[in-house]
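Chain by chain, the residues:
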Amino acid sequence: MEYNPFSLAGKTILITGAAGGIGRATSVECAKLGATLILTDINEAGLQETQGLLEGDGHRYLVANLTSQEALDALVADLPSLDGFVSNAGVTKPLPVKFINPDDLERIMSINTFAPIYLTQRLCRKKKFNAGASIVFTVSVGGIYTTAPGNAMYGASKGALQVFMKNVALEMAPKVRCNSVNPGMVNTNLAGRSYSDEDKARDLETYPLKRYGEPRDVALAIVYLLSDASSWVTGHSLVIDGGRRGRRRRLCQRPANGGYGSLGGGLRAAKRYARRARLL
Ligand SMILES: NC(=O)c1ccc[n+]([C@@H]2O[C@H](COP(=O)([O-])OP(=O)(O)OC[C@H]3O[C@@H](n4cnc5c(N)ncnc54)[C@H](O)[C@@H]3O)[C@@H](O)[C@H]2O)c1
């Protein structure tokens, strides 16, 4: 057999947000490396499409709205023992702080923060993790390593998830490992909804590697954290951002022109949204 320390052969892995973007790319890579997958998302058509791309047999999908407690119970009841759990579903909506409102805040916190917490809690309570299992949360650089006008709700949701990840890592060691991937801007629907082409072009200049990430860039980092290659890594946040974080002088610093590419873009997108919503 070929030497491959990143093999996922024999591992059963649950992936949320598997209907597109980073979740789909992660599913494709995990299947190529031999894992058996349970995909979940609120979007059934997207799940079917992802399943159609998978190598190997035995994969299945379960449709679930992860913000529903009943759906979480039903999902967990249907799961076998797991060797891996990728908590990846997420949403964003740029809005300046003064336009934060209960509907948007509760939706973002419910999907990005509360759902991963409640799902992890249920998986622990129902003893779904095999010894040596690995949990990976898709967090972000946003709100933790970088800030942007209009990104307060998303940043707060991901910051809380990052802290949760570190506590899970401590509580579940040594049986189960827990880490996060923290991507910069990745070409997915989620990123596309927030930024205009003009803002993207200017923002790209701030990336030392001169491109945004592709979903597969993040997927392969998740594969590393799921695999036994990372068996001495827990409580770690793996930043994948084309080198951009290293360029920051200070977390919250504003440049002389009043906006750093996507930061200014984020604010403009927020204002556009607020205008459409008749908030301005
Ligand atoms: N794209 C980026 O630039 C970027 C950067 C950093 C972090 N992230 C994070 O990566 C993760 C994946 O996002 P993506 O970029 O692939 O976007 P995406 O929109 O392609 O994927 C998000 C998935 O979450 C699912 N989802 C949303 N609400 C749900 C719910 N209530 N129940 C179940 N599923 C639900 C969506 O249907 C979708 O398939 C998210 O957590 C996101 O915050 C993305």
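> What is the right way to read the overall build of the chain from this model?
Secondary structure summary: the chain contains 9 helices and 7 strands in total. Expressed as a percentage of the 280 residues in the chain, the buried residues total 45%. Restricting to contacts in the chain with at least 6 residues of sequence separation, those with at least 24 account for 74%.

> Hey, could you run me through the site of the ligand in this one?
In the vicinity of the ligand lie 27 residues, with G17, G21, G90, T188 and L190 positioned nearest. Contributing elements (two or more residues each) for the shell around the ligand: α1 (21-32) and α6 (189-194). Partitioned by chemical class, the residues of the shell around the ligand number 12 nonpolar, 14 polar and 1 charged.

> Before we go on, may I ask you to explain the packing of helix α4 (residues 102-125) against helix α5 (residues 152-172) in this structure?
The angle between the axes and the distance between the axes are what describe a pair of packed helices. Where α4 meets α5, the axes come as close as 9 Å, and the angle between the chain directions of the two elements is 10 degrees. With respect to α5, the element α4 is oriented roughly parallel. Across from D104, L105, I108, M109, N112, T113, P116, I117 and T120 in α4, the residues of α5 making contact are M153, Y154, S157, K158, A160, L161, F164 and V168. Across the contact of α4 with α5, the residue classes tally to 11 nonpolar, 4 polar and 2 charged.

> Looking at this model, I keep getting lost on unusual backbone geometry. Mind explaining?
Trans peptide bonds make up most of the peptide bonds, and negative phi angles are found at most residues other than glycine. Along the chain, A173 connects to P174 via a cis peptide bond; the corresponding omega equals 5 degrees. Locating P174 in the fold gives a position in the loop between α5 and β6 (177-183). The phi dihedral of K127 falls on the positive side, at around 50 degrees, and the residue is not glycine. Locating K127 in the fold gives a position in the loop between α4 and β5 (129-138).

> What is the right way to read the pairing of strand β2 (residues 36-41) from this model?
Consecutive side chains along a regular strand alternate between the two faces of the sheet. Among the 6 residues in β2, 6 count as buried, and that is most of the element. Here β2 shows a buried face lined by T36, I38 and T40 and a second buried face lined by L37, L39 and D41. For the handedness criterion, the β-α-β arrangement of strand β1 (residues 12-16), α1 and β2 is classed as right-handed. As judged from the 4 bridges shared by β2 and strand β3 (residues 60-63), these two strands associate in the parallel manner. What sits directly across from T40, in β3, is L62. Tracing the backbone out of β2, into helix α2 (residues 44-52) and back to the parallel element β3 gives a crossover that is right-handed.

> How do you make sense of α1 when you look at a structure like this?
Each full turn of the α-helix corresponds to 3.6 residues, which orients residues three or four apart in the same direction. An ideal rise of 1.5 Å per residue puts 16 Å on 12 residues; α1 measures up with 17 Å between its terminal C-alpha atoms. For α1, a buried count of 10 out of 12 residues is recorded, marking the element as mostly surrounded by other parts of the structure. Taken together, the buried positions of α1 are occupied by G21, I22, G23, R24, A25, T26, S27, E29, C30 and A31.

> Help me out: how do you make sense of α5 in this one?
Between its first and last C-alpha atoms α5 spans 30 Å; for 21 residues at 1.5 Å apiece the expected length is 30 Å, and the two agree. Every buried residue of α5 is listed here: M153, Y154, S157, K158, L161, M165 and V168. All buried residues of α5 project into a common sector of 115 degrees when viewed along the axis, lining one side. More than 90 degrees from the buried face of α5, the exposed residues found are N167 and L170. Lining the buried residues of α5 we find α4, β5 and β6.

> Hey, could you run me through the confidence of the model for the chain in this one?
In low-pLDDT regions, the fine details of the predicted coordinates are not to be read closely. Averaged over the chain, the pLDDT score is 90; the fraction of residues at 70 or greater is 86%. Confidence scores differ between elements of the chain, with helix α9 (residues 262-276) showing the lowest mean pLDDT of 55 and β1 the highest of 99. Note on residues 249-264: pLDDT under 50 across the span, and 19 contacts to partners over four residues away in sequence or across chains.

> Got a minute to help me understand the nonpolar core in this structure?
Within soluble globular proteins, side chains that are nonpolar generally end up buried alongside one another. Core analysis: the largest hydrophobic core is formed by 57 residues, its most contacted members being I13, C30, L37, V136, I222 and L226. If you tally residues by element for this core, the top one is helix α8 (residues 215-226), at 7 residues.

> Please explain the sheet that holds strand β4 (residues 82-87) as it appears in this structure.
Sheet strands pair via backbone hydrogen bonds, and the direction of the pair is either parallel or antiparallel. Taken together, 7 strands build an open sheet; the order of strands is β3-β2-β1-β4-β5-β6-β7 and the sheet is parallel. At either end of the open sheet lies a strand with only one pairing partner, and these are β3 and β7 (237-240). Ignoring which end each strand starts from, the neighbouring axes of this sheet average 15 degrees apart. Of the strands in this sheet, β4 and β5 are in contact with α4, which crosses β4 at around 170 degrees. Against the sheet, α8 engages β1, β4, β5, β6 and β7, with an angle of about 165 degrees to β6.

The rules behind the values
Residues numbered from 1 in each chain as written. Predicted model: local features only at pLDDT ≥ 70, side-chain atom pairs only at ≥ 80, totals over all residues. Helix = DSSP H or I, 4+ residues; strand = E, 2+ residues; numbered from the N terminus. Buried ≥ 20, exposed ≤ 12 C-beta atoms within 10 Å, placed from the backbone. Contact = placed C-beta atoms within 7 Å. Near = placed C-beta within 6 Å. Nonpolar A, V, L, I, M, F, W, Y, C, P; charged D, E, K, R; others polar. Axes fitted to C-alpha atoms, helices over the stretch in contact; angles between N-to-C directions. Parallel < 35°, antiparallel > 145°, perpendicular 65-115°, else oblique. Right-handed = clockwise from strand over helix to strand, strands pointing away. Pairing = 2+ DSSP bridges. Expected span 1.5 Å × (residues − 1). Arc of directions from axis to C-beta. pLDDT = per-residue confidence, 0-100. Core = buried A, V, L, I, M, F, W, Y, C linked by C-beta atoms within 7 Å.

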